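# Structural description and commentary
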Amino acid sequence: MSQTQLNIEGMTCAACAVAIERGLNKMEGVNLANVNLANEKLMLDFDSDIINVDDVIARIEKIGYHAQTVEKPLTSVTIPVDGMTCSACSAAVERALKKLDVNAVNVNLSTEKAFVQYDPEAVRLSEIKQAIIKAGYKPLDIEVDRFDLDQERKAEQLKIQRRQLWVAIGFTIPLMIFAMGHMLPINVPDIMVPSKQPLAFVLIQMLLSIPVLIAGRQFFTVGFRTLLSGNPNMDSLIAVGTSAAFIYGVASLIAVLNGNTALAENLYFETAAGVIAFIKVGKYLEAKSKGRTSEAMKKLLGLQPKTALVLVDGQEIEMPIEEIEQGDVCISKAGEKIAVDGIITKGYTSVDEAMLTGESIPVEKQVGDTVIGGSINKNGYIQYRVTSTKGNTMLDQIIQLVEQAQAQKAPIAQMADVISGYFVPVVIGIAIVAFALWYFFTRDLSFSLTIFISILVIACPCALGLATPTAIMVATGKGANLGVLIKSGEALEIAHKIDTVVFDKTGTITEGTPKVVEIITQGMDETKLLTLSASLEKGSEHPLADAIIMAAQARGLDLMPAEGTKILVGQGIEGYVDNHHVLLGNGALLKAKNIENTMHEQVQSLAKQGKTPMYVAIDATLVGIIVVADVIKPTSKKAIADLHTLGIQTIMLSGDNVETAQAIANEVDIDQVYGEVLPAQKAELIDELKAQGRKVAMVGDGINDAIALTSADIGIAIGSGTDIAMESADIVLMKNDLQDVAVAIGLSKKTIKTIKQNLFWAFGYNTAGIPVAAGLLYLLGGPLLNPMFAAAAMAFSSISVVSNALTIRNFKIKEQET
């Protein structure tokens, strides 16, 4: 099976997207075709043994649209070249570069620079430089400019739309003045009065309307092509309506030429031009608004630095990040962006990862710590060994996941798609029936034509098609900026229905690593007790030993050598430190060594709190207890409270005994606890909850959570967790902050609310608009809807839907509490 993405041109409404999906899904070898109207892209899942991309493009062309593969972003470099003295030199450099697999080459002698555009996967910058050297010249430090062809294409389309808009407005305004000037209580030239110079009056209007129709030619080329192919769309409605108006005007001109000057009084040239102009305004504003839906993606793309300092043979060399390879050592100085992912090999700093994780506080980094490409080195000098190159960094993966989520459809969009598929043919049918009925009863062709055009123009499947995808695009981008990575539109929709959240304990509610939380002494100084204990544990590999050693290091204690260290299985450890016999372990150890346990009650109390107390005996005397616990994360209690505010029940699963698990749950106010749960049983419990009719989210971080994450309605993984957990999840919390569970659900609620508003207004607009256009108000003694006002209303409906979707950008974290 293969997957690919195509850019689709010519779509204007949901009916377009539905027509393409319907046509492609009928093709043998196509498993799934998913068209996103908002970003004008097709996600295609197909069998490459049966069908190829060219076949798909040909089918799309036959349906009435244009398609092209999504081109990879190219890199363009401007290389200053030393040594060129004449045109023969620049020609020699250009010839040498054109022999390489590059897209474009231009060598300018006056600026002494070579511009090269290339695919970094096909040719390396070092090869380009080497070609210049072989030609006999010296390449100097480069200037890099990476650009996105898709963004460039959309910017060019917007520029064309703006140019066409000005043409339409520029000719429509004088046409309106000319056509309606004689109705105003002012003196106008005879040429503007149909009763005085009817031929000139009609002819000038026709000439003024033609440039407007040319500016809107896409409506006609796409509209009639899709109509003839049996897949009519919004363009078809506009094309039929304005063509009818223009043809009526031409027929009036012929009648005037034959002496019937009365027809000069009721022309439709200004109607045809006005409809095109109004819709052009709407489409231009809609395109600009749709561009803003991907601002979050632009911010993520903007995080990617263009170049990096690489240490080569002891020298710092600046090169594009496309040239960096795994294992290279890069340098980052204070204030610079870290180019790619890596592990620090030298230096110490704090790193601002806010744009990637949403965490505002800089993170301290030292040798051995990982750094993320796109984050900002705040105040230190570091060297780091590259672990992930361009295209494989965490930032690249985030961008890819967000793009995939934006390309997928949410279930709520399916209803709109089904309706849109039948919408246009039904509207055309209504317009024809209304025209026939009005003409039958009134015998007024002009009046009936007004009804016909108004119905075609006011009907708007655009708003239906944009209602869902624009909201999803904005929401997934906003989530990424908040550190909440939503991997699909379906997950975004389902999250608002969640009424039960199940948490894994270790590493999710707790830190996942034991820490010393308390030291209780009797007859010995606390510092000395910790020093002796940590010195004894220094050679142990037990997890609790690490906690004791880290506690000693945090206090700056100097550890001493231990001798005769012996691990006592099931009991603890013993040895000699500073001529003292040291024992560290459980109650069984004291019993085995015949040491009186005078602290038994304290230990029992601590155990009930979910803590692990360890006895310390020095020279056969019990001197204290070191208490170790898996510490609860600082934000866990607030996260649970946020979910309770949303009316969501919370459950905790743990492999610990019930008593220990309950102690942790009590601290954070979890509603229900299951202890001694094996990994396989987690998924079974999730299934039981779902069988009760609950919508369940599972939050975890480990390999043992993967099955449960998949079983839940929504799987939520902690960003610091394992790769398997994050791959199994529908949502990833990049900040490792449980409060973001409520943020994800709150963002989902905001998004679904916005989508429902959009669908309500889209359906409501069409439900009310079509009867009004059909003359319902006129029948009740009201006015007849002018087609130009119908066009303005249609344009406004699409703009309002996109604008409403953009309000999701203003979602605040506190909104999840409402």
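Small disclaimer: the values here were computed from a predicted structure and weren't measured.

### Some details on the sheet that holds strand β23 (residues 572-577)
Across the sheet, six strands lie side by side as β21-β26-β25-β24-β23-β22; this open sheet has antiparallel pairing. What marks the edges here is a single partner per strand, and that holds for β21 (510-521) and β22 (562-568). Strand-to-strand twist in this sheet, taken as the mean axis angle between neighbours without regard to direction, amounts to 20°. Pairing analysis gives five bridges linking β22 to β23, with the strands arranged antiparallel. The residue bridging K566 from the neighbouring strand is E574, located in β23.

### Focus: the pairing of strand β26 (residues 621-632)
Along β26, ten of the twelve residues are buried, which leaves the element largely enclosed by surrounding structure. The pairing of β21 with β26 spans eight bridges and is antiparallel. The residue of β26 that forms the bridge with P514 is D630. Bridge count between strand β25 (residues 612-618) and β26: seven bridges; the pairing is antiparallel. Along β26, the bridge assignment pairs A617 with L622. Joining the antiparallel neighbours β25 and β26 is a turn of two residues, in which D619 adopts a positive phi near 50°.

### So, the packing of helix α1 (residues 14-25) against helix α2 (residues 53-63)
At a minimum axis distance of 10 Å, the contact between α1 and α2 shows a crossing angle of 135°. In terms of their interaxial angle, α1 and α2 are classed as oblique. Here α1 and α2 pass one another in a crossing that is right-handed. Between α1 and α2, the contacting residues are A19, I20, G23 and L24 on the first element and V56, R59, I60 and I63 on the second.

### Focus on the sheet that holds strand β19 (residues 484-486)
Spatial ordering of the open sheet is given by β19-β31-β30-β29-β20-β27-β28, a layout of seven strands whose pairing is mixed. Two strands bound the open sheet, and with one partner strand each, they are β19 and β28 (672-674). This sheet shows a mean twist of 20° between the axes of neighbouring strands, independent of strand direction. By the bridge criterion, three bridges tie β19 to strand β31 (residues 731-733) in an arrangement that is antiparallel. Within the sheet, the bridge partner assigned to I486 lies in β31 and is I731.

### Quick notes on the pattern of salt bridges
Using the criterion set out here, one finds seven salt bridges in the structure. We note a salt bridge from R555 to E526, for which the minimum N-O separation is 2.8 Å. Separated by 29 residues along the polypeptide, R555 in the loop between α20 (543-554) and β22 and E526 in helix α19 (residues 526-537) bring together distant segments of the chain. Given the relative accessible area of 43%, R555 is considered partly exposed. Judged by its relative accessible area of 30%, E526 is partly exposed. A salt bridge links D642 to K638, with the shortest nitrogen-to-oxygen separation between them at 2.7 Å. Residue D642 and its partner K638 are located together in helix α23 (residues 636-645), separated by four residues, close to a single helical turn. Its relative accessible area of 3% is what places D642 among the buried residues.

### Let's talk about the side chain of Q164
Following the sequence through the fold, Q164 ends up in helix α5 (residues 149-180). For Q164, a relative accessible area of 14% translates into the label buried. If near-sequence neighbours (up to four positions away) are discounted, Q164 is found in contact with A215, R217 and K280.

Parameters and conventions
- Residues numbered from 1 in each chain as written.
- Predicted model: local features only at pLDDT ≥ 70, side-chain atom pairs only at ≥ 80, totals over all residues.
- Heavy atoms only, no water.
- Pairing = 2+ DSSP bridges.
- Helix = DSSP H or I, 4+ residues; strand = E, 2+ residues; numbered from the N terminus.
- Axes fitted to C-alpha atoms, helices over the stretch in contact; angles between N-to-C directions.
- Buried < 20%, exposed > 50% of the residue type's maximum accessible area, 1.4 Å probe, protein only.
- Parallel < 35°, antiparallel > 145°, perpendicular 65-115°, else oblique.
- Left-handed = near helix turned anticlockwise from the far one by under 90°.
- Contact = heavy atoms within 4.5 Å.
- Salt bridge = Lys/Arg side-chain N within 4 Å of Asp/Glu carboxyl O.

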